[in-house]
Amino acid sequence: MLIVMQKDATPDQVTAVIRAIENRGHTARPIPGGARVSIGVLYNEGAVDASVFHDMPGVKEAIPVTRPYKMVSREFQPHDTIIRVGNVNIGGDHLLIIAGPCAVESEHQVMTIAEHVKKSGGDILRGGAFKPRTSPYAFQGLGEAGLKILAKAREAFGLPIVTEVLDLACYDMVEDYADIVQIGTRNMQNFSLLRRAGESKKPVMLKRGMSATVDEWLMAAEYILTEGNPNVILCERGVRTFVRHSRNTLDLSAIPVVRRESHLPVIVDPSHAAGFRDQVMPLARAAAAVSAHGMMVEVHHAPETAKCDGGQSLLPEQFDQLCRQVRSIFEVSRNAE
Ligand code: PEP
Ligand code: MN
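Anyway, here's the lowdown on the structure attached to this text. (Residues numbered from 1 in each chain as written. Chains lettered and ligands numbered in written order. Predicted model: local features only at pLDDT ≥ 70, side-chain atom pairs only at ≥ 80, totals over all residues. Heavy atoms only, no water.)

**Quick notes on the coordination of the manganese ion (ligand 2)**
Now for step 1: Here the manganese ion (ligand 2) is held by C102 (SG), H272 (NE2), E298 (OE) and D309 (OD), and the distances to it run 2.0 to 2.4 Å.
Now for step 2: Mapping the donors of the manganese ion (ligand 2) onto the primary sequence gives the spacing C-x169-H-x25-E-x10-D. Of this pair, C102 sits in the loop between β7 (96-100) and α3 (107-120) while H272 sits in helix α9 (residues 270-274), placing them 170 residues apart in sequence. As far as the burial class goes, C102 and H272 line up, both buried. (Donors = N, O, S within 2.8 Å, 3.2 Å for Na, K, Ca; no water. Helix = DSSP H or I, 4+ residues; strand = E, 2+ residues; numbered from the N terminus. Buried < 20%, exposed > 50% of the residue type's maximum accessible area, 1.4 Å probe, protein only.)

**Notes on the site of ligand 1**
Now for step 1: The full set of residues close to ligand 1 is R126, K131, P132, E164, Q182, G184, T185, R186, K207, R237, H272 and M296.
Now for step 2: Between ligand 1 and R126 there is a distance of 2.8 Å, counted from an oxygen atom to a side-chain nitrogen or oxygen.
Now for step 3: The side chain of Q182 places a nitrogen or oxygen atom 2.9 Å from an oxygen atom of ligand 1.
Now for step 4: Considering ligand 1 on its own, with 290 Å² of exposed area, one finds that the protein chains cover 97% of that surface.
Now for step 5: Because more than half of its atoms lie within 2 Å of the grid, ligand 1 is assigned to the largest pocket.
Now for step 6: Grouping the constituent residues of the shell around ligand 1 by class yields two nonpolar, four polar and six charged. (Near = heavy atom within 4 Å. Polar contact = N/O pair within 3.5 Å; in protein donor to acceptor, adjacent residues only side chain to side chain. Areas by Shrake-Rupley, 256 points an atom, 1.4 Å probe, with all protein chains shown as cover. 1 Å grid on protein atoms, 1.4 Å probe; cavity = no way out; pocket = protein on both sides within 12 Å on 5 of 7 lines; lining within 4 Å. Sits in = over half its atoms within 2 Å of the grid points. Nonpolar A, V, L, I, M, F, W, Y, C, P; charged D, E, K, R; others polar.)

**Some thoughts on the sheet that holds strand β13 (residues 266-268)**
Now for step 1: With respect to topology, eight strands assemble into a closed barrel ordered β7-β8-β9-β10-β11-β12-β13-β14, the strand pairing being parallel. Sheet twist, expressed as the average angle between the axes of neighbouring strands with direction ignored, equals 25°.
Now for step 2: Against the sheet, helix α7 (residues 214-226) engages β11 (204-207), β12 (232-236) and β13, with an angle of about 160° to β12. (Pairing = 2+ DSSP bridges. Axes fitted to C-alpha atoms, helices over the stretch in contact; angles between N-to-C directions. Contact = heavy atoms within 4.5 Å.)

**With respect to the sheet that holds strand β3 (residues 37-42)**
Now for step 1: Spatial ordering of the open sheet is given by β2-β3-β1-β4, a layout of four strands whose pairing is antiparallel. Both outer strands of the open sheet, β2 (27-32) and β4 (59-63), are each paired with one neighbouring strand and no more. Across the sheet, the mean angle separating the axes of adjacent strands is 20° when strand polarity is ignored.
Now for step 2: Looking at chain direction, strand β1 (residues 2-5) and β4 are connected through four bridges and run antiparallel.

**Details of the packing of aromatic side chains**
Now for step 1: Taken as a whole and assessed by the stated rule, the structure comprises one aromatic pair.
Now for step 2: Seen from the ring of F139, K307 lies directly overhead, with NZ or CZ sitting 5.5 Å from the centre. (Phe/Tyr/Trp six-rings, centres within 6.5 Å; stacked < 30°, edge-to-face > 60°. Lys NZ or Arg CZ within 6 Å of the ring centre and 35° of its normal.)

**A short note on the packing of α3 against helix α11 (residues 316-336)**
Now for step 1: α11 packs onto α3 with a crossing angle of 25° between their chain directions and a minimal axis gap of 9 Å. The angle between the axes of α3 and α11 places the two elements in the roughly parallel class. Like other packed secondary-structure pairs, α3 and α11 cross with a definite hand, here right-handed. Contact with α3, carried on its side by H116, V117 and S120, involves P316, F319, D320 and C323 of α11 and no other residues of that element.
Now for step 2: Taken together, the residues of the contact of α3 with α11 sort by class into four nonpolar, two polar and one charged. (Parallel < 35°, antiparallel > 145°, perpendicular 65-115°, else oblique. Left-handed = near helix turned anticlockwise from the far one by under 90°.)

**With respect to the packing of α7 against helix α8 (residues 254-261)**
Now for step 1: Packing of α7 against α8 leaves a shortest axis separation of 11 Å and a crossing angle of 45°. By the angle between their directions, the pair α7 and α8 is classed as oblique. Crossing hand, α7 versus α8: right-handed. Where α7 abuts α8, its residues V214, W217 and L218 lie against A254, V257, V258 and E261.
Now for step 2: Residues belonging to the contact of α7 with α8 are distributed by class as follows: six nonpolar, no polar and one charged.

**Thoughts on the environment of L225**
Now for step 1: Within the secondary structure, L225 sits in helix α7.
Now for step 2: For L225, a relative accessible area of 5% corresponds to the buried category.
Now for step 3: Note: C-alpha distance between L225 and S333 (108 residues apart in sequence) is 30 Å.
Now for step 4: Not counting residues within four places of it along the chain, the set of residues in contact with L225 comprises R29, M71, V72, P230, V232, H263 and L264.

Encoded structure:
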């Protein structure tokens, strides 16, 4: 249930509604809006009796929430969430471009790639210092040394950084260095990690689980919001299907669905969806055409030497071309809406 207050409702009237919700054993979550305050009712078991609130002074209406997720839903917040990171707006009319290597390998590697990302107009630098690898024998990342390299690149090029957190043990450390903390596909339903992300002040990029429905994905985001962190960026990165021609299948139809259901920004990762360099550019163009709020792509200056995901990493000149193409496609698709 969402209780929408009248525009001229007084703070005392808002407090009285919050008390009435809490007296029934539920949790009240005030949501400040542009013109009026709304109050979400959380943790109710079964339906909430709307008539109790209808008659309270200052209440405009009490709307039942029909979706299983609440705080992430458009029913709770009709306007888009815009997240400010550095001087980039995520979720507004700007197409966010995040780029960088799959894994941080060395200072020279990150600095070289970051320079290209900056020159081509990328907004944010990516790079994994803690890598979730299928094989325990594969490169696991440089850990804190990798985070330090990312921080140096941020200093040198003025690019905020996004990097993945693998578990609770490294959350504090990753959070200290990162501008955006990434929760990967394999951790989308790691509920203790989601709760920890909810206690953080840093924005979170939540990748869709490789076999997760949109509802499950939004429910995972709900964990983060209910713990108090409203700054979640959703990232579609392809789902596991029967096909062999690509690593995953990019579910572009999820973008309009998420944008309809949720106010959170949603971006696309064509690199992990494709798995092959030649598919990345067409999928990136398609992401801009469906009005995703942005994209995250892997770039490497010497992909044949990459310790991870070289085969799907764009060369710097391809990335440069991608930036120009997707920005003009995004303009067209936003104007068509
Ligand atoms: C990544 O972005 O580095 C990554 C491991 O992606 P995913 O979690 O989507 O596989
Ligand atoms: Mn990768």
